Amino acid sequence: MTNDELRQLASDTRCVQAGYIPGNHDPRIMPIIQSTTYKFDTAEDLGDAFDLKTDSPMYTRLGNPSLSWVEEKVAVLEGGVAALSTSSGQAANFFAVANIAKAGDHVLAMSNLYGGTHTLFASQLKKFGIEVEFVDPKRSLEELTSHLRPETRCVFSEMIGNPALDVLDLEKVAALAKAGDVPLIVDNTFPSPVLCNPLKWGANIVTHSATKYLDGHATSLGGFIVDGGTFNWNNGKYPELTEPDPDYHGIVYTDQFGPAAYVAKMRAGLLRDFGSTMSPFNAFLINVGIETLHLRMQRHSENALAIAEHLAKHPDVAWVNYPGLKDSPNYDLAQKYLPKGQSGVVSFGPKGGVERARQVINHIKLITLVTHVGDLHSHMIHPASTTHRQLSDEDLRKGGVSPDMIRFNVGIEAIEDIIADVDQALAATR
Ligand SMILES: *Cc1c(COP(=O)(O)O)cnc(C)c1O
């Protein structure tokens, strides 16, 4: 079966089968092509590869068969026309924006972003002369639209904010991007392509930290950018895509690559020059991870909902946040955009505030303290003193992080064992 045929099949089937498709006598499992270089018969042949006239890779920084296979898998899973893999999720989000914004341009980003993305945008992009303005995604479409400027080049958002866990109103934010005639970029790391496909709801570009659920086993860093191929770049705002590129001997990406122009330019420009390439070995591990993504997302979501419901009635718990809880302010959006499950992250505050939160983390036994989400082991972290400690109190609040918040990555162990460990940690700190 081909990848085009697989696009018509269920998401679960695509997780298992899409991407690498073995031919007659080929290895059944996606090979790791651990080679930086490729052999060519003639100078003309290699010249064509440099002109991007053939699909053949010529140097692994710009392309490698193992990377192409896993890129195809993720493109098929998200319903996009092309994908690029990167060495991390940070590189993916940087590339997604830097591919279409330059000094003097403006980016409208939602304020509930992952701490690492917030810092990347607020401090690094600022040094590049790109102004990122953060707006509260809960504002009305009218208010949000008033922040668009002639120099705005994209709208950036997270499908489920990390760690505030608010669900994006995709249709509203897609309308915002449309009003500005700019693409909507959605970081879909928390739902993964199994629980939501933002491209179906009007997003134009999707990014992933593959380090989280796609890998799922906490073995590999990686990222992806997927292009839906739906945005019309010919509106005068993106000359770097629609006019000859002097850095790539006059190539016009929209002419040569049509709907896949955005990813082609990213590969020929940002990936070539910054070199944030995924390693073939990580591509192999991430591919193996994605083969069970549908099973894991289902179990992560079931376990997280059970934990959230347990904590909601626990006498030692002050508050619980999970978009699948019926009284969550995100419940309706979650039912609309994430009906199959709301992913595996729950946050809560124990009664007793910051000090109790730290103590609970010091008393967990089965659950471990690690800096991670999206892998199959249960673990916890206290964001205010760790992942988000570089943010000011005001930015913490804007990002939805309260000082007593524990972020709980609910794994796929037996639910009764996870609950027992939370209960003993809460009891020990009473
Ligand atoms: C972790 C994360 C990132 C960054 O990804 P890395 O692979 O750690 O570089 C970006 N966005 C979200 C939502 C994340 O959770």
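Residues numbered from 1 in each chain as written. Predicted model: local features only at pLDDT ≥ 70, side-chain atom pairs only at ≥ 80, totals over all residues. Heavy atoms only, no water.

S.K.: In this structure, what is going on with the sheet that holds strand β12 (residues 406–409)? I would like to understand it.
M.R.: Sheets are built from strands that pair by backbone hydrogen bonding, the pairs being arranged parallel or antiparallel. The strand order across the open sheet formed by 5 strands is β8-β9-β12-β11-β10, and the pairing between neighbours is mixed. The open sheet is flanked by β8 (317–321) and β10 (368–369), the only strands paired with a single partner. Pairing analysis gives 4 bridges linking β8 to strand β9 (residues 345–350), with the strands arranged antiparallel. Residue pairing in the sheet places V320 in a bridge with F348 of β9. Along the sheet face, helix α16 (residues 353–363) touches β9, β10, β11 (379–381) and β12 and points at about 125° away from the line of β9. (Pairing = 2+ DSSP bridges. Helix = DSSP H or I, 4+ residues; strand = E, 2+ residues; numbered from the N terminus. Contact = heavy atoms within 4.5 Å. Axes fitted to C-alpha atoms, helices over the stretch in contact; angles between N-to-C directions.)

S.K.: Help me out: how do you make sense of the pattern of salt bridges in this one?
M.R.: Pairs can form between side chains of opposite charge whenever their charged atoms are close. For the coordinates displayed, the defined rule picks out 14 salt bridges. We note a salt bridge from R149 to E131, for which the minimum N-O separation is 3.0 Å. Here the residue R149 occupies a position in the loop between α7 (141–145) and β4 (152–158), and E131 occupies one in strand β3 (residues 131–135), the gap between them amounting to 18 residues. Put simply, R430 and D316 hold a salt bridge, and the shortest N to O gap is 2.8 Å. In this pair, R430 sits in the segment after α18 (415–428) while D316 sits in the loop between α14 (293–312) and β8, placing the two residues 114 residues apart along the sequence. Residue R430 is classed as exposed on the basis of its relative accessible area, which comes to 67%. You can call D316 buried: its relative accessible area is 9%. Salt bridges sharing common partners tie together K102, D105 and R153. (Salt bridge = Lys/Arg side-chain N within 4 Å of Asp/Glu carboxyl O. Buried < 20%, exposed > 50% of the residue type's maximum accessible area, 1.4 Å probe, protein only.)

S.K.: I would appreciate a short explanation of helix α4 (residues 65–78) in the present structure.
M.R.: Every α-helix carries 3.6 residues per turn, so stepping three or four residues along brings you back to the same face. In a regular helix each residue adds 1.5 Å, so 14 residues correspond to 20 Å; α4 covers 20 Å between its end C-alpha atoms and thus fits that length. With 10 of 14 residues buried, α4 is to be regarded as a mostly interior element. For α4, the N-terminal cap is N64; the gap from its side-chain oxygen to the backbone nitrogen of S66 is 2.7 Å. Of the residues flanking the end of α4, it is G79, one or two places downstream, whose phi is positive at about 75°. (Expected span 1.5 Å × (residues − 1). Polar contact = N/O pair within 3.5 Å; in protein donor to acceptor, adjacent residues only side chain to side chain.)

S.K.: How should I be thinking about the state of the cysteines in this particular structure?
M.R.: Simply put, the disulfide is a covalent bond whose two ends are the sulfur atoms of two cysteines. Scanning the model with the defined rule gives 0 disulfides in all. For C154, which is in no disulfide, the shortest distance to another cysteine sulfur is to C196 and amounts to 19 Å. (Disulfide = S-S within 2.5 Å.)

S.K.: Looking at this structure, I do not really get the nonpolar core. What am I missing?
M.R.: One recurring pattern in soluble globular proteins: nonpolar side chains tend to sit buried together. Among the nonpolar cores identified, the biggest contains 90 residues, and V97, F121, V155, L170, L184, I225 and Y262 are the most heavily contacted of them. Looking at which element gives the most residues to this core, the answer is helix α12 (residues 261–274), with 8 residues. Two domains each donate at least three residues to this core, and these are domain 1 (3–290) and domain 2 (294–428). Not counting chain neighbours up to four residues away, the residues in contact with V155 comprise L108, M110, V173, L176, A177, V182, P183, L184 and I185. Listed in part, the 23 residues of the second largest apolar core include L325, V346, I406 and V422. (Core = buried A, V, L, I, M, F, W, Y, C linked by side-chain atoms within 4.5 Å. Domains from an automatic or database assignment.)

S.K.: Mind showing me how you'd approach the site of the ligand here?
M.R.: Around the ligand lies a shell of 16 residues, among which G89, D187, S209, T211 and K212 are the nearest. Here an oxygen atom of the ligand and a side-chain polar atom of N162 are 3.0 Å apart. The side chain of S209 places a nitrogen or oxygen atom 2.8 Å from an oxygen atom of the ligand. Look at the ligand: alone it shows 380 Å² of surface, and the protein chains cover 93% of it. No other element matches the 3 residues that helix α5 (residues 89–98) contributes to the shell around the ligand. Of the residues that constitute the shell around the ligand, the class distribution is 3 nonpolar, 10 polar and 3 charged. (Near = heavy atom within 4 Å. Areas by Shrake-Rupley, 256 points an atom, 1.4 Å probe, with all protein chains shown as cover. Nonpolar A, V, L, I, M, F, W, Y, C, P; charged D, E, K, R; others polar.)

S.K.: Can you walk me through the packing of aromatic side chains in this structure?
M.R.: In this description, an aromatic ring pair is defined by two values, namely the gap between the centres and the angle between the planes. A complete count under the given rule lists 13 aromatic pairs for this structure. Seen in terms of ring centroids, F94 and F128 are 5.8 Å apart; in terms of plane orientation they differ by 80°. Their pairing is edge-to-face. Of this pair, F94 sits in helix α5 while F128 sits in the loop between α6 (115–127) and β3, and the two are 34 residues apart along the sequence. For F94, a relative accessible area of 13% translates into the label buried. Relative to F156, the ring of F121 has its centre 4.8 Å away and its plane inclined at 85°; by these criteria the two rings are edge-to-face. Taken together, the residues F121 in helix α6 and F156 in strand β4 connect sequence positions 35 residues apart. Taking relative accessible area as the criterion, F121 reaches 1% and is therefore assigned buried. (Phe/Tyr/Trp six-rings, centres within 6.5 Å; stacked < 30°, edge-to-face > 60°.)

S.K.: What is the right way to look at the domain arrangement of the protein in this model?
M.R.: Interface size is commonly expressed as the accessible surface area that is lost when the partners come together. Here the protein is partitioned into domain 1 (3–290) and domain 2 (294–428). Taking only C-alpha atoms, the centre of domain 1 and the centre of domain 2 are 29 Å apart. At the interface, 39 residues of domain 1 touch 37 residues of domain 2. Counting each side, the surface lost to burial between domain 1 and domain 2 is near 3100 Å², with a carbon and sulfur contribution of 63%. Applying the counting criterion to the domain 1 and domain 2 interface returns 1 salt bridge. For E171, the salt bridge identified is with K336, shortest N-O distance 2.5 Å. Along the contact surface separating domain 1 from domain 2 lie 18 residue pairs in polar contact (both at pLDDT 80 or more). Of all elements in the fold, only α2 (11–17), α6, α8 (170–180), α9 (192–195) and α13 (280–290) reach the threshold of two or more residues within the side of domain 1 that touches domain 2. (Buried area = accessible area lost by both parts, 1.4 Å probe.)

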